[in-house]
Amino acid sequence: LWLVESGGGLVQHGGSLRLSCAASGFNLDYYAIAWFRQAPGKEREGVSCIVSGGNSTDYADSVKRRFTISRGNTKNTVYLQMNNLKPEDTAIYYCAADPAVRPVCGRRFGRYNYWGQGTQVTVSS
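Notes on the structure in this doc start here.

Analysis parameters
- Residues numbered from 1 in each chain as written.
- Predicted model: local features only at pLDDT ≥ 70, side-chain atom pairs only at ≥ 80, totals over all residues.
- Heavy atoms only, no water.
- Pairing = 2+ DSSP bridges.
- Helix = DSSP H or I, 4+ residues; strand = E, 2+ residues; numbered from the N terminus.
- Axes fitted to C-alpha atoms, helices over the stretch in contact; angles between N-to-C directions.
- Core = buried A, V, L, I, M, F, W, Y, C linked by side-chain atoms within 4.5 Å.
- Buried < 20%, exposed > 50% of the residue type's maximum accessible area, 1.4 Å probe, protein only.
- Contact = heavy atoms within 4.5 Å.

**Some points on the sheet that holds strand E7 (residues 67–71)**
Read across the open sheet, the four strands follow the order E1-E3-E8-E7; overall the sheet is antiparallel. Each of the sheet's edge strands pairs with one partner strand only, and the pair in question is strand E1 (3–6) and E7. Strand-to-strand, the axes of this sheet are offset by a mean angle of 15°, without reference to chain direction. Direction of pairing for E1 relative to strand E3 (residues 17–23): antiparallel, over a ladder of four bridges. Looking at the pairing, Glu5 lines up with Cys21 of E3.

Written out as structure tokens, the structure is:
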């Protein structure tokens, strides 16, 4: 499973971006998907996740009511819609996949087996 993130870029404080996580030839409905981010000098943080085969989601408190994770209609893409972006959201954003079937998703780093290379998000003040 090869994950590719896209959609990052430079945006002003209060702006929006939509990140995509795509997997060629794989149905991501069979995987729990999470978005992580890592800012310079900081640990990787689980931002959001969505369960395999369902719509249950979870968010870090820092992004609740601003970020939304969702699955695309093509079944091989997961999105992270980011609204009202703040300078502290600046980081490299990674998507990750967990093939295990669980009733809830998790944002712990060690749960995820497959990772993309990341996409840079920079929010200017």
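**Re the nonpolar core**
In terms of nonpolar packing, the biggest core is built from 28 residues, with Trp35, Phe67, Leu80, Met82 and Tyr93 touching the most fellow members. Mapped onto this core, the elements with two or more residues apiece are E3, strand E4 (32–38), strand E5 (45–50), E7, strand E8 (77–82), strand E9 (91–98) and strand E11 (119–124). Leaving out residues up to four positions away in the same chain, Phe67 has contacts with Arg37, Val47, Tyr59, Leu80, Gln81, Met82, Asn83, Leu85, Asp89 and Tyr93. In terms of nonpolar packing, the next biggest core, distinct from the first, is built from seven residues, Ala34, Phe36, Cys105 and Tyr112 among them.

**Focus on the environment of Cys105**
The topology assignment puts Cys105 in the loop between E9 and strand E10 (114–115). The spatial distance from the C-alpha of Cys105 to the C-alpha of Ala34 is 8.1 Å, given a sequence separation of 71 residues. Each residue touching Cys105, except ones within four places of it in the same chain, is listed here: Cys49, Ile50, Val51, Ser56, Thr57, Asp58, Arg111 and Tyr112.

**Brief notes about the pairing of E3**
Among the seven residues of E3, five are classified as buried, and the element is accordingly described as predominantly covered. Across six bridges, the pairing between E3 and E8 is antiparallel. For Cys21, the partnering residue across the bridge sits in E8 and is Val78.

**Description of the pairing of E7**
Burial along E7 is one-sided: the residues Phe67, Ile69 and Arg71 are buried and none of Thr68 and Ser70 is. Bridge count for E7 against E8 is five bridges, and the pairing is antiparallel. Bridging from a neighbouring strand, Arg71 pairs with Val78 of E8. Counted between consecutive antiparallel strands, the loop separating E7 from E8 contains five residues, among which Lys75 sits at a positive phi close to 70°.

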